[in-house]
Amino acid sequence: MNSQSLLDQPRAIRQGEELDLLRLTEYLQQQFPDIQGAVSVSQFPKGYSNLTYLIKKGETEWVLRRPPFGANIRGGHDMGREFRVLSALKGSFTQIPEPMAFEETGEWIGAPFYLMERVRGRILRGNMTPEETPSPELMGQMGDNLVTTLVNLHQVPLDKPELKALGKPMGYVERQVSGWIKRYGKSKTDDIPEMDRVGEWLAANMPTDGPPTVIHNDFKYDNLVFDLTEPAKVLAVLDWEMATLGDPWMDVGTSLGYWVNPDDPDWMKMLNLSPTTLSGNLTRGQLVTRYERISGKTCPHPTFYYAFGLYKIAVIVQQIYARYKQGLTQDPRFGGLIMGVNGCAKAAWQAIQRDRLDGLFES
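Computed from a predicted structure; not experimentally measured. (Residues numbered from 1 in each chain as written. Predicted model: local features only at pLDDT ≥ 70, side-chain atom pairs only at ≥ 80, totals over all residues. Heavy atoms only, no water.)

1. Comments concerning the layout of surface pockets
In plain terms, the rule: Points on a 1 Å grid, built from protein atoms alone, make a cavity when a 1.4 Å probe fits but cannot get out and make a pocket when they are open with protein on both sides within 12 Å along at least 5 of 7 lines; residues with an atom within 4 Å of a point are the lining residues. Grid points are joined across faces, edges and corners, and a volume is the space filled by probe spheres set on the points. Under the grouping applied here, Gly and all other residues not named as nonpolar or charged are polar, the nonpolar ones being Ala, Val, Leu, Ile, Met, Phe, Trp, Tyr, Cys and Pro and the charged ones Asp, Glu, Lys and Arg.
Considered as a void within the structure, the second largest pocket measures approximately 320 Å³ in volume. Around the second largest pocket sit 15 residues that line it, and Asp 8, Arg 11, Ile 123, Arg 125 and Glu 132 are the ones nearest its centre. Each residue belonging to the lining of the second largest pocket can be placed in one class, and the counts come to 5 nonpolar, 4 polar and 6 charged.

Following this line, the structure appears as structure tokens:
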């Protein structure tokens, strides 16, 4: 397959998520007066949180990020924070898109947004065709480089004021556990006993905080852009909306939460959280082992971090589903998300019961 055919491409904009083209054109003319040409907008269709668009003006391309329609912008969709994270990482972590402009008033398109460079490359997602699927050898290299990139992020020195200002790492684990439990309570729509059990277990089994680092908090395959010519090379990490300073093992836990093994039951594979079941990819246990080998650090409580990752993902999905139930979004993809909440909760409780990362449902 031609490498260009693997390029992550936008599509037509979903109904109800259109941008005001006239006002956006005026904004671009104001910000980039030397760039000539007509403005066009299309939408990257994947993702369930902040909305992502491809903006073209003549030969120039940007990616625009804005909060979802109907979301509480101050609650978890802070465009300024994403822009500040990217700006703070410049010069310290190379695998990021170049931040270009931030509009905070919401006056131009009805919500704050920011612009960044478009990094042209390949993004691995679920449901790839056989032609799009990496070979086992390539998949193994991509998995290794995913872990290496995460370790590199966690090794960024916190010597810049802009980086130190990204979070308050003291007490991070406790704040995260209690915070996600509260978020679940506020967005709960269905009775899921495993969610309650996992939340109670996490609150009773918190490890102490490790030395703080920059953490991404949503690190997975479909937030990585791979090179088209060197297909195992990670060009950029995307979606920094939840980045902060904290315990790096909590970041690893979130990645583990998205990680489904080939021998996991079919209902876990149907969650389709990330294309991790492909032949040649690491298992959850191998991911932790490789991270330990590269970083030189030993994970103190793998089951806790994995269960936390699943719980956090379940709450994020629950929040999106709650917006759908309230009629704040009409995206049809959201209608079945409650099954994802159930699945994550079931897997987390099984991991806790067996105290391991792999072989959760083996007899």
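2. A few points about the environment of Val 173
To keep things clear, this is the line we draw: Starting at the N terminus, helices and strands are each numbered in turn, a helix being any DSSP run of H or I of at least four residues and a strand any DSSP run of E of at least two. Note on contacts: a residue pair qualifies if any of its non-hydrogen atoms lie within 4.5 Å across the two residues.
Here Val 173 shows up in helix 6 (residues 172-187). The spatial distance from the C-alpha of Val 173 to the C-alpha of Lys 269 is 29 Å, given a sequence separation of 96 residues. Here Val 173 is in contact with Met 206, Pro 207, Asp 209, Asp 247, Met 250 and Phe 304, once residues within four sequence places are set aside.

3. A short note on the pattern of salt bridges
Threshold: We define a salt bridge as a contact between a side-chain nitrogen of Lys or Arg and a carboxyl oxygen of Asp or Glu at a distance within 4 Å. Think of it in three bands: residues with accessible area under 20% of the maximum for their type are buried, residues over 50% are exposed, and the middle band is partly exposed, with areas taken using a 1.4 Å probe on protein chains only.
Applying the stated criterion across every chain yields a total of 16 salt bridges. In this structure, Asp 8 and Arg 125 form a salt bridge, with 3.1 Å as the shortest nitrogen-oxygen distance. Pair noted here: Asp 8 is in the segment before helix 1 (21-31) and Arg 125 is in the loop between strand 5 (113-117) and helix 4 (136-154), with a separation of 117 residues, a long-range link. Arg 125 shares its class with Asp 8; the two are buried. Ionic pairing is found between Arg 23 and Glu 26, a salt bridge with its closest N-O pair at 3.0 Å. In this pair, Arg 23 and Glu 26 are both assigned in helix 1, 3 residues apart and thus about one turn of the helix distant. You can call Glu 26 partly exposed: its relative accessible area is 31%.

4. Remarks on the packing of helix 11 (residues 302-325) against helix 12 (residues 338-354)
Note the cut-off: For every element, the axis is a line fit to its C-alpha atoms; helices are fit only across the contacting stretch, and the angle between N-to-C directions ranges from 0 to 180 degrees. Should an angle lie under 35 degrees it is considered roughly parallel, over 145 roughly antiparallel, and from 65 to 115 roughly perpendicular; all remaining angles are considered oblique. Each crossing gets its handedness from the near helix: less than a right angle anticlockwise from the far helix is left-handed, clockwise is right-handed.
Here helix 11 crosses helix 12 at 165°, and the two axes come no closer than 8 Å. For the element pair helix 11 / helix 12, the angle class is roughly antiparallel. Crossing of helix 11 against helix 12: the hand is left-handed. Along the contact surface, helix 11 presents Thr 303, Tyr 306, Ala 307, Leu 310, Ile 313, Ala 314, Val 317, Gln 318 and Tyr 321, while helix 12 presents Ile 338, Val 341, Cys 344, Ala 347, Ala 348, Ala 351 and Ile 352. Here the residues of the contact of helix 11 with helix 12 sort into 14 nonpolar, 2 polar and no charged.

5. Some words on the sheet that holds strand 3 (residues 60-66)
Basically, it comes down to this: Whether two strands pair comes down to DSSP finding at least two bridges between them.
Ordered by their spatial adjacency, 5 strands build an open sheet running 1-2-3-5-4, and the pairing between neighbours is antiparallel. Of all strands in the sheet, those with a lone pairing partner are strand 1 (39-43) and strand 4 (99-103), marking the two edges. Taking each pair of neighbouring strands and ignoring which way they run, the sheet shows an average axis angle of 25°. With 4 bridges connecting them, strand 3 and strand 5 associate as antiparallel partners. Pairing of Arg 65 across the sheet is with Tyr 114, part of strand 5. Contacts from helix 3 (residues 79-89) reach strand 3, strand 4 and strand 5, with the element oriented near 155° to strand 4.

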